[in-house]
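What the coordinates show
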Amino acid sequence: MANFSTHLNVAALTSGAASAALLSANHIDLDTALWLWFLGTIGGLLPDIDSDNSTSLDIIFNLFTVCIVLLSIRYFTSDAINEKQFMLLIGLPVVIHLIIKYGIRNVFEWQTIHRGICHSLLFLLFCGLLTTNTTAFIINDKFKNADLFAWLSGIFVFCGGVIHLLLDEIYSVDLANVRIKRSFGSALKLTDFSNLSLSAIFVIATVILAFLAPPIDSSIEALSNWDTFKLW
């Protein structure tokens, strides 16, 4: 399989090229292009979070912790911070960090195996929809075409993950000795059929996220009018 450096570089290159194409076509602005580039690169690391003590696992869970902290602060505090909210700002990040590091992460490592559910299209679809919903919640219709921005965010995460799976499958073919390695077919799959209970959980979670996602009709219409659509 491809190593961390290869996944990072290829995901950064492809997502950067895609966001640059949208920018050069005047569909998005520079800030949005950088955001989509970042998300596509992170998506390229996602499948390897099922490998315990991997660099990808550390990066993704650290970013996840930061996002949860920021969302929690946004939800539990107001513009006028009083003494109680100030104490909350101090204690909340610590509590969230401990819960995620010693709770959620430990459960995740216990329930997953390398090249299991995380190396599947179902998992990437879940991550894409989770990104779409989270982005929609954060921006909260504060600018034009917010739904399209949210969907593009999820699409870049999904596509970055697909690139990761394709790389793993490509590296499963030994062209020098003209043979197919035993790992071929273990990366790019619909779901982990060896763990049906976990797959069922992700199916249910994905359906719920799809139900909660912002309307997609206007986004499809905007993207179909390639020559005219603008995100801002």
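Our subject is the structure that appears above.
Now for a look at the structure at hand. (Residues numbered from 1 in each chain as written. Predicted model: local features only at pLDDT ≥ 70, side-chain atom pairs only at ≥ 80, totals over all residues. Heavy atoms only, no water.)

1. Some words on the packing of helix 5 (residues 121-139) against helix 6 (residues 146-170)
Here is the rule: Here, axes are lines fitted to C-alpha atoms. For helices the fit covers the stretch in contact, and angles between N-to-C directions go from 0 to 180 degrees. Under the DSSP-based scheme used, a helix requires at least four consecutive residues in state H or I and a strand at least two consecutive residues in state E, with every element numbered from the N terminus. To sort the angles, those under 35 degrees are grouped as roughly parallel, those over 145 as roughly antiparallel, those from 65 to 115 as roughly perpendicular, and the leftovers as oblique. Note: crossing handedness is left-handed where the near helix turns anticlockwise from the far helix by less than a right angle, and right-handed where it turns clockwise. Here a residue-residue contact requires only that any non-hydrogen atoms of the pair lie within 4.5 Å. Each residue is assigned to one class: nonpolar for Ala, Val, Leu, Ile, Met, Phe, Trp, Tyr, Cys and Pro, charged for Asp, Glu, Lys and Arg, and polar for all the others, Gly among them.
Taken N-terminus to C-terminus, the directions of helix 5 and helix 6 make an angle of 155 degrees; their axes are 8 Å apart at the nearest point. Between helix 5 and helix 6, the interaxial angle falls into the category roughly antiparallel. The handedness of the crossing between helix 5 and helix 6 is right-handed. In contact with Leu121, Leu124, Leu125, Cys127, Gly128, Leu129, Thr131, Thr132, Thr135, Ala136 and Ile139 of helix 5, helix 6 contributes Ala146, Phe149, Ala150, Trp151, Ser153, Gly154, Val157, Phe158, Gly161, Val162 and Leu165. For the contact of helix 5 with helix 6, the class distribution of residues is 15 nonpolar, seven polar and no charged.

2. A few points about the environment of Leu196
Basically, it comes down to this: Only protein chains enter the accessibility calculation, which uses a 1.4 Å probe; a residue is then buried when its area is under 20% of its type maximum, exposed when over 50%, and partly exposed in between.
Relative to the helices and strands, Leu196 resides in helix 7 (residues 196-212). Assessed through its relative accessible area of 58%, Leu196 is described here as exposed.

3. A short note on helix 2 (residues 30-43)
Cut-off, in case you're wondering: The span one expects for a helix is its residue count, reduced by one, times 1.5 Å.
The end-to-end C-alpha distance of helix 2, which contains 14 residues, comes to 20 Å, matching closely the 20 Å that a straight helix rising 1.5 Å per residue would cover. Among all positions of helix 2, only Thr32, Ala33, Leu36, Leu39, Gly40, Thr41, Ile42 and Gly43 are buried.

4. Here we look at the nonpolar core
In plain terms, the rule: Buried Ala, Val, Leu, Ile, Met, Phe, Trp, Tyr and Cys residues that are joined via side-chain atoms within 4.5 Å together make up what is termed a nonpolar core.
Ile49, Phe123 and Phe202 are the most contacted members of the largest nonpolar core, which totals 42 residues. Where this core is concerned, the elements lending two or more residues are helix 2, helix 3 (55-76), helix 4 (83-111), helix 5, helix 6 and helix 7. If you tally residues by element for this core, the top one is helix 6, at nine residues. Non-local contacts of Ile49, meaning those with residues more than four positions away in its chain, are made with Ser56, Leu57, Ile60, Phe108, Cys118 and Phe123.

5. With respect to the environment of Ser19
With respect to the secondary-structure elements, Ser19 resides in helix 1 (residues 4-24). Residue classification places Ser19 among the buried residues on the basis of a relative accessible area of 3%. Along the chain, Ser19 and Phe38 lie 19 residues apart, while their C-alpha atoms are 9.7 Å from each other. Each residue touching Ser19, except ones within four places of it in the same chain, is listed here: Ile28, Ala33, Leu36, Trp37 and Phe156.

6. Here we look at a nonpolar patch on the surface
Spelled out, the test is: The patches reported here contain residues having more than 30% relative accessible area and no salt bridge. Joining distances are 9 Å for like charges and 5 Å for nonpolar side chains (Val, Leu, Ile, Met, Phe, Trp, Tyr). Residue-level accessible areas treat just the shown protein chains as cover; the underlying method is Shrake-Rupley with a 1.4 Å probe. The term salt bridge refers to a side-chain nitrogen of Lys or Arg lying within 4 Å of a carboxyl oxygen of Asp or Glu.
A surface patch of nonpolar side chains, amounting to about 330 Å² of accessible area, comprises Phe64, Val95, Ile99 and Ile104. Per element, the largest residue contribution to the nonpolar patch is three residues, and it comes from helix 4. Inspection of the secondary structure assignment puts Phe64 in helix 3. The class for Phe64 is partly exposed, based on a relative accessible area of 34%.

7. Brief notes about the packing of helix 1 against helix 2
Viewed as axis vectors pointing N to C, helix 1 and helix 2 meet at an angle of 155 degrees, and their least axial separation amounts to 8 Å. Here helix 1 is positioned roughly antiparallel relative to helix 2, judged by the angle of their axes. Judged by the twist between their axes, the crossing of helix 1 over helix 2 is right-handed. From helix 1, Leu8, Ala11, Ala12, Ser15, Gly16, Ser19, Leu22 and Leu23 reach across to helix 2, where they touch Leu30, Ala33, Leu36, Trp37, Gly40 and Thr41. For the contact of helix 1 with helix 2, the residue count by class is nine nonpolar, five polar and no charged.

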